[in-house]
Amino acid sequence: MIKDFFIACWLSFKQVTRSNKKSIVMTIMVVVLLFINILFVASMMSGLITTIDTQVINYQYGNIVIEPSKESASDAYIKQADRKLEDIRSIPGVTGAVQHYKSGVKITYDQKKEGTNVKDVSAYLFSIIPSEESRVLKVNSKIVSGRYLEDGDRNKIVLGREISGGFGATFDMKSLGGVNVGEDVYVYYPNGISRKYEVVGIFATKSFLADAQAYVTKDEIEDISGQHDLADEIIVRTASTGDEDEYISKIENISEQKFKLYTWKNYLGALSTITNSFDFVKLIFYFIGLAVSGASIFIIIYINLNNQRKQIGILKAIGMKNRIIIVSYVLQAFLYGLLGVIFGRLLLEYAILPYFIKHPLELPMGYVSLIVERADLMRTEISMIVVSIIAGFIPSLQIARKNILDSIFK
Amino acid sequence: MKEEKNIITVNNLHKTYPGEVPLHVLKGVSFSVKGGEFVAIMGRSGSGKSTLLHQLSLLDNPDEGEIIVENKELTTLNEKEKTKYRLQSFGYVFQEYALLPEFTAIEAVSLPLILQHYSMTESRKRAQAMLKLVQLEDRLDHFPSEMSGGEQQRVAVARALVNNPKILFADEPCANLDSETSKVILDLFKRLNKELGQTIILVTHEPEDEKYVDRVIHMKDGILQ
């Protein structure tokens, strides 16, 4: 049995090293392309999912959101917010934490300054300390007009593009219709106070939800509400993503006040159905890609074997066992699959991925790069090799079982 | 070198190829060949001589009849046993050389030995000796595409003989060769028969080949004359 296997190896080696090189290169190229085809689609989907996740983390919720329990009137806010922030920031692995006041407000804009065409938008207004905010959320890096807020700014506001309008806003018709930096808007707070703000900056993160928010400084909100050292939420950023639960238990212990703690995943909401859909679509494309790859490799090997039918007949005529013939061709198919996967991976890792990392695709929802997940990579590599082996086995079995005379003479 | 015992005995061999009009090619062929005999099966095209050779050499299965080689009935063997028998007891020379393009002369001749699990060194040594016997010692590492038709056929003869077969079957081995090269091949067969006592069953339609063989079996329309 083992000797037969070595004979099959010897036979394969001779055939591979001495048969038509162009034909072998073409076969391997096809496997490379099929391999990349499967992974490209999967990587694109993973890239989309990662873009959505990253937007949620970078522009809205960080890794962890701490909210007051709101079980009683005294728990309507996070109390002693400054102290709690310091405690949270001291937890190893926490890279930043910021407090927000959060108000549902109405923002109005009178473009012609005549009072006849005043547009309004309902939005969430957040209070921030600008110098601290950038350690947690990255909205400051997405200013498309004007500037970000600065510590000490009063009567200044920064708007997302879904509020201001323009700059490629998704729902431009629901916006204020095109506010420019330097113009004034009015903000109506839930407590009945309204105030005029100068728009100093407009940001566009490409996340529809993040771009429907507005920011003023903490001093501004505290002046309006008369509150101090409170917070509606604390946003926490950790060194890595995916291990938020470990931090949640540590954060729970910093205070006697009851909190509600959420990870960014809890806030995905409707987005999670989109990302789940991408995962499902990715799986469908994966199986379709695999089926197409299997069929393609099968056809190539079948044609190749059919061209060698006479040789197989000769080998049988001189007394070669069917299993040696089958194993030798399965080994060849395995080799083509393996080389295709190796070259495919090299091409992916050293050409395609670096290119798309440097030049991500600009899609309406954001910049999407290819992300090859280790599980997808391993699954595809193993599947391609298994498919190659099966695609080599079936035709070699069929041809090896053929009548010797038919193989040689027909 | 001829033995008194029959090395192969054929009894009432029938073969019909199915189709819209079934073709009854062998219609009860019976004969025997003694060990060390050089026999030619002659007949016109379509007389069934190649079909007979295919049945005798186990390349095809007869519908009816017996093929007995050294008291062993071969038609009842299963495919694995037939494969083993072809490898260990028979040699076959095809009309069209039937060499594998990726194998050099010495590799082609080594192959039957390698299949019998001889070491690579031993296989190569024996193959080299066999190629010397067919006067191709200077062509050991040449591929079929680098050799003439006559040389290729001599490689095929060496491959068929390297296992010391009980019977060498040759199906019109000179059909694609010119008369001079054909003579070289037939002289080689004659020499192998005389010097080594090799039993040879040759299918041919050339009347002048008769002079090389001990006996001629004539076939016409699927029966022996």
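About the cut-offs
Residues numbered from 1 in each chain as written. Chains lettered and ligands numbered in written order. Predicted model: local features only at pLDDT ≥ 70, side-chain atom pairs only at ≥ 80, totals over all residues. Heavy atoms only, no water. Axes fitted to C-alpha atoms, helices over the stretch in contact; angles between N-to-C directions. Helix = DSSP H or I, 4+ residues; strand = E, 2+ residues; numbered from the N terminus. Parallel < 35°, antiparallel > 145°, perpendicular 65-115°, else oblique. Left-handed = near helix turned anticlockwise from the far one by under 90°. Contact = heavy atoms within 4.5 Å. Nonpolar A, V, L, I, M, F, W, Y, C, P; charged D, E, K, R; others polar. Phe/Tyr/Trp six-rings, centres within 6.5 Å; stacked < 30°, edge-to-face > 60°. Buried < 20%, exposed > 50% of the residue type's maximum accessible area, 1.4 Å probe, protein only. Lys NZ or Arg CZ within 6 Å of the ring centre and 35° of its normal. Salt bridge = Lys/Arg side-chain N within 4 Å of Asp/Glu carboxyl O. Pairing = 2+ DSSP bridges. Polar contact = N/O pair within 3.5 Å; in protein donor to acceptor, adjacent residues only side chain to side chain. 1 Å grid on protein atoms, 1.4 Å probe; cavity = no way out; pocket = protein on both sides within 12 Å on 5 of 7 lines; lining within 4 Å. Points joined across faces, edges and corners; volume = space filled by probe spheres on them.

Asks: Please explain the packing of helix H2 (residues 21–61) of chain A against helix H10 (residues 322–358) of chain A as it appears in this structure.
Replies: For any two helices packed against each other, one specifies the inter-axial angle together with the distance between the axes. Residue and element names in this part refer to chain A. Relative orientation of the contacting elements H2 and H10 amounts to 50 degrees, with a least axis distance of 8 Å. As summarised for this structure, H2 and H10 are arranged oblique, according to the angle between their axes. Viewed along their axes, H2 and H10 form a crossing whose handedness is right-handed. Contacts between H2 and H10 involve Ile24, Thr27, Ile28, Val31, Val32, Phe35, Ile36, Leu39 and Phe40 from the former and Tyr336, Gly337, Leu339, Gly340, Val341, Phe343, Gly344, Arg345, Leu347, Leu348, Ile352 and Phe356 from the latter. For the contact of H2 with H10, the residue count by class is 16 nonpolar, four polar and one charged.

Asks: So what exactly am I meant to see when it comes to the packing of aromatic side chains here?
Replies: The way to describe two aromatic rings as a pair is by their centre distance and the angle between their planes. In this structure the tally under the stated criterion is 17 aromatic pairs over all chains. On the basis of an interplanar angle of 90 degrees and a centroid distance of 5.3 Å, the ring pair of Tyr355 of chain A and Phe356 of chain A is categorised as edge-to-face. Assessed through its relative accessible area of 13%, Phe356 of chain A is described here as buried. Relative to Phe94 of chain B, the ring of Tyr92 of chain B has its centre 4.6 Å away and its plane inclined at 50 degrees; by these criteria the two rings are tilted. What links up through ring pairs into an aromatic cluster is the set Tyr85, Phe90, Tyr92, Phe94 and Phe169 of chain B. Positioned above the aromatic ring of Tyr124 of chain A, the side-chain terminus of Lys102 of chain A is 4.7 Å from the ring centre.

Asks: Explain the pattern of salt bridges here, please?
Replies: Two side chains with opposite charge may pair up if their charged atoms get near one another. Residues and elements named next belong to chain A. All told, the structure shown has 33 salt bridges over all chains when counted by the stated rule. Where Arg83 meets Asp87, a salt bridge forms, and the shortest distance between an N and an O atom there is 3.9 Å. With Arg83 and Asp87 both in helix H3 (residues 81–89) and four residues apart, the pair spans about one turn of that helix. Given the relative accessible area of 53%, Arg83 is considered exposed. With relative accessibility at 22%, the residue Asp87 sits in the partly exposed group. For Lys196, the salt bridge goes to Asp184, with nearest N and O atoms at 3.7 Å.

Asks: It is not clear to me how the sheet that holds strand S5 (residues 72–73) of chain B should be interpreted in this structure. Could you clarify?
Replies: Hydrogen bonding along the main chain pairs the strands of a sheet, whether they run parallel or antiparallel. All names here are of chain B. Pairing within the open sheet is antiparallel, and its four strands lie in the order S2-S1-S4-S5. A single partner strand is all that each edge strand has here, and the edge strands are strand S2 (23–34) and S5. Where helix H1 (residues 49–56) meets the sheet, it contacts strand S1 (6–17), S2 and strand S4 (64–69), and its direction lies at approximately 120 degrees from that of S1.

Asks: Before we go on, may I ask you to explain the interface of chain B and chain A in this structure?
Replies: Think of interface size as the accessible area that goes away when the parts come together; that is how it is often given. Counting residues at the interface gives 23 residues for chain B and 25 residues for chain A. Linking chain B with chain A are three salt bridges. Residue Lys310 of chain A is joined to Glu96 of chain B by a salt bridge in which the shortest nitrogen-to-oxygen separation is 3.2 Å. Counting across the chain B and chain A interface gives six residue pairs in polar contact (both at pLDDT 80 or more). Among the elements of the structure, helix H2 (79–89) and helix H3 (105–115) of chain B are those that each provide at least two residues to the side of chain B that touches chain A.

Asks: It is not clear to me how empty space enclosed by the protein should be interpreted in this structure. Could you clarify?
Replies: Gaps between atoms show up when a probe of the same size as a water molecule is rolled over them. Residues and elements named next belong to chain B. For the structure on display, the rule yields two cavities of 30 Å³ or more. Sorting the residues of the lining of the largest cavity by element identifies H2, strand S6 (90–93) and helix H5 (149–161) as the ones contributing at least two each. Broken down by element, the residue count for the lining of the largest cavity peaks at three residues, all from S6. A per-class count over the lining of the largest cavity returns eight nonpolar, three polar and two charged. For the second largest cavity, the calculated volume is near 30 Å³. Split into classes, the residues belonging to the lining of the second largest cavity amount to five nonpolar, two polar and no charged.

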